[in-house]
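Reading the structure
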Amino acid sequence: EGTPFTGHVLVTFTGSLAKLGVSDYTFVIKYQDYGLPVRTESLTNGLVVEHGGRLEIHGSSKTSWTRLAGDAESGSTVLQLEQHPVGWTKGDQLLVASTTSRK
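This section reports on the structure supplied with the text. (Residues numbered from 1 in each chain as written. Predicted model: local features only at pLDDT ≥ 70, side-chain atom pairs only at ≥ 80, totals over all residues. Heavy atoms only, no water.)

**Topic: the overall build of the protein chain**
Regarding its fold elements, the protein chain presents 0 helices and 2 strands. The C-alpha radius of gyration of the protein chain comes to 21 Å, more than 25% above the 13 Å expected for a compact globule of 103 residues. Overall size of the protein chain, expressed as C-alpha extent along the three principal axes, is 55 × 45 × 25 Å. In the protein chain, which comprises 103 residues, the share counted as buried stands at 4%. By element, 51% of the accessible surface of the protein chain is carried by carbon and sulfur atoms, the whole surface being about 9,900 Å². The average position of the 9 basic charges and that of the 10 acidic charges among the side chains of the protein chain differ by 6 Å. (Helix = DSSP H or I, 4+ residues; strand = E, 2+ residues; numbered from the N terminus. Rg over C-alpha atoms; globule rule 2.2 N^0.38 Å. Buried < 20%, exposed > 50% of the residue type's maximum accessible area, 1.4 Å probe, protein only. Areas by Shrake-Rupley, 256 points an atom, 1.4 Å probe, with all protein chains shown as cover. Lys, Arg positive; Asp, Glu negative; His and termini not counted. Charge placed at Lys NZ, Arg CZ, Asp CG, Glu CD.)

Following this line, the structure appears as structure tokens:
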């Protein structure tokens, strides 16, 4: 955390539902093996951390969300925000969600 990775990482999962249950492509978790209630899951894709393990994924510091300072019309190319975003760069993707219901 003192020297964060500032590059880009792309993780691509491949597979299909058709391969679910095919032992060559499936990771099976039996919860009872870890003292948990009986339950079994089959995964074809995923990041798996074994029982007792820990996975930490950190990205660069940036504003993860903010509110609009006013309405945004459909097709707008400029958004007025309530706060100045930190760490946003050209090419970042934004999602603008409605906070009101249509009638």
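**Quick word on the packing of aromatic side chains**
The final tally for this structure, using the stated rule, is 0 aromatic pairs. Of note, arginine 39 hangs over the ring of tyrosine 31, and the distance from its end group to the ring centre comes to 5.0 Å. (Phe/Tyr/Trp six-rings, centres within 6.5 Å; stacked < 30°, edge-to-face > 60°. Lys NZ or Arg CZ within 6 Å of the ring centre and 35° of its normal.)

**Brief notes about a nonpolar patch on the surface**
On the surface, a cluster of nonpolar side chains totalling about 700 Å² of accessible area is made up of Val9, Val11, Phe13, Leu47, Val49, Leu55 and Ile57. Along the polypeptide, leucine 55 turns up in the segment after strand S2 (40-43). What makes leucine 55 partly exposed here is its relative accessible area of 48%. (Patch = residues over 30% accessible without salt bridge, like charges linked within 9 Å, V, L, I, M, F, W, Y side chains within 5 Å. Salt bridge = Lys/Arg side-chain N within 4 Å of Asp/Glu carboxyl O.)

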